[in-house]
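# Chains, contacts and geometry: an overview
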Amino acid sequence: MPNPLALIAEITHRCPLHCVYCSNPLELTSRNEELATADWLRIFAEAAALGVLHLHLTGGEPLARPDLAEMIEGARQSRLYTNLITSGVGLSRERLAQFVEAGLDHIQLSFQDSSGGPANWIAGARAHAHKLELAAWIREHQIREQQTGERRIAFTVNLVVHRQNIDHLEEMIAALEALHPDRMEIAHAQYYGWALQNRSALLPTRAQLDRAVAVVAAAEERLRGKVRIDMVVPDYHARFPKACMGGWGRQLLLIDPAGRALPCHAAGVIPGMFFDNVRDHPLAWIWQNSAAFQKFRGEAWMPEPCRSCERRQEDFGGCRCQAFLLTGDASATDPVCELAPLHHLIEDAVREHATAGPVPAAREASFHALQENTAGFWSYRTDPK
Ligand code: SF4
Ligand code: SF4
């Protein structure tokens, strides 16, 4: 069995933002259930011993943990390449310097739109202005590190795209370019958790998507050699599903804030699954023996048409969580696939939801006006106790 390559550490579900597309589960882990610092440091050491190379510190908002610098230091001691995935809210200039000192290798900062009004409306919080400030501090570190020849922190900006902001993509890319990132990740919303709940407001039309693909292609051409652009397409408009997590239990494992080990962030929605806890078992045992990781590993579980499909080693039959969320059967072929017996569920959703345009005048309006005018339009992600 191959080693996992990356560990996704959801160190908390707490977050000061309320993004309407948040992929966190609807039932969030509360603060008093969270693993302690010592547990996480042990997990990082076990992960490194298991062959993991990359650690993604995420949440919720990982900055909500006051012991984050200690965790980064522990990850460095375990020789993991450490990436902090953050909204930036809660990160001061001093704390950023602490993280860099502790050995942070990479920071991924999320943005919701190109200007404050719509960005804050999507996040349900006033966060945009601080993100711009933080990006400038990251840049200062990079310049200093370049001048002194020190190890340089890498910087990715992330933008989740959906019907309400996709038409601003050109402005957004220009605004992000001005922040001097090494990489831009333009990720279409994936319909799990809060995004599935808000799908009717988020699913883009085909025409919006086609324009966005052209905008990204032009930006890639213009920024070649300067900024790498990675785009995650919305699978509802694709012919075939994504190879979710590089295949179930093949490359990645995720530990949730309470210590449960999952093959992906959404697997908790599948009923009847039991996820072993790092409080009870070493990580290597979980990776090799846990029933949850075995469940959809390999091809034995596959129904037709996947079982005899020549693409099965490319997409592994798509996403098990999406199959369950849309069909009620986690073993079904992902309905995104045009060959799936239940593909009509995707076509129906696209026909039903992806025909309307965005909220009119959202680009110019203030956060306050947008919230007032769109009450009940979507559900904001809540915060755990
Ligand atoms: S609410 Fe937004 S910032 Fe917070 S965890 Fe969810 S997507 Fe990330
Ligand atoms: S039938 Fe299954 S393996 Fe083939 S493309 Fe569709 S989801 Fe992938």
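To keep things clear, this report deals only with the structure shown in the data block. From a predicted model like this one, the values you see are computed outputs, not experimental measurements.

A few words on the site of ligand 2. Not every one of the 14 residues close to ligand 2 is listed here, only the nearest: Cys306, Cys309, Arg311, Arg312 and Cys337. Here the shell around ligand 2 is built from residues that sort into seven nonpolar, three polar and four charged.

The full set of residues close to ligand 1 is Cys15, Leu17, His18, Cys19, Cys22, Asn24, Gly59, Gly60, Glu61, Ser87, Ser110 and Arg381. A class-by-class count of the residues in the shell around ligand 1 yields four nonpolar, six polar and two charged.

In terms of burial, helix α4 (residues 116–123) is a largely internal element, six of the eight residues being buried. For α4, the secondary structure elements touched by its buried residues are β4 (106–111), α5 (128–148) and α15 (367–373).

As a further point, take the environment of Ala266. Locating Ala266 in the fold gives a position in the loop between β9 (261–262) and α10 (283–289). The exposure class of Ala266 is buried, given the 25 C-beta atoms found within 10 Å. Separated by 56 residues in the primary sequence, Ala266 and Gln322 place their C-alpha atoms 8.7 Å from one another. In contact with Ala266, other than residues within four places in its own chain, are Tyr192, Gly193 and Cys321.

This part takes up unusual backbone geometry. Cis geometry marks the peptide bond from Gly59 to Gly60; its omega dihedral reads 15 degrees. Locating Gly60 in the fold gives a position in the loop between β2 (54–58) and α2 (68–77). The residue after Glu304, namely Pro305, is reached through a cis peptide bond having omega 10 degrees. Note that Pro305 resides in the loop between α11 (291–294) and α12 (312–315). Even without a glycine there, the phi angle at Arg79 is positive, about 65 degrees. Here Arg79 shows up in the loop between α2 and β3 (81–86). Despite not being glycine, Phe316 has its phi angle at roughly 55 degrees, a positive value. With respect to the helices, strands and loops of the structure, Phe316 is situated in the loop between α12 and α13 (320–327).

Next up on the list: helix α3 (residues 93–102). Because the α-helix completes a turn every 3.6 residues, residues three or four places apart line up on one side. Listing the buried residues of α3 in full gives Leu96, Phe99 and Val100. Take α3 and look down its axis: the buried residues cluster within an arc of 100 degrees, on one side only. Residues of α3 that are exposed and point over 90 degrees away from its buried face: Glu94 and Glu101. Buried residues along α3 sit against α2, β3 and α5. Positive backbone phi, approximately 115 degrees, marks Gly103, located one or two places after α3.

Right, let's talk about the pairing of β2 for a bit. Counting buried residues in β2 gives four out of five residues, a clear majority hidden from the surface. As paired strands, strand β1 (residues 6–10) and β2 are joined by five bridges and run parallel to one another. Bridged to Glu10 within β2 is Thr58. What joins β1 to β2 is helix α1 (residues 37–50), and the crossover it makes is right-handed. Where β2 and β3 come together, four bridges link them in parallel fashion. Looking at the pairing, His54 lines up with Tyr81 of β3. Handedness of the crossover is the feature at issue here: the chain leaves β2, passes through α2, returns alongside β3, and the resulting connection is right-handed.

Quick notes on the rules
- Residues numbered from 1 in each chain as written.
- Chains lettered and ligands numbered in written order.
- Predicted model: local features only at pLDDT ≥ 70, side-chain atom pairs only at ≥ 80, totals over all residues.
- Near = placed C-beta within 6 Å.
- Nonpolar A, V, L, I, M, F, W, Y, C, P; charged D, E, K, R; others polar.
- Buried ≥ 20, exposed ≤ 12 C-beta atoms within 10 Å, placed from the backbone.
- Helix = DSSP H or I, 4+ residues; strand = E, 2+ residues; numbered from the N terminus.
- Contact = placed C-beta atoms within 7 Å.
- Arc of directions from axis to C-beta.
- Pairing = 2+ DSSP bridges.
- Right-handed = clockwise from strand over helix to strand, strands pointing away.

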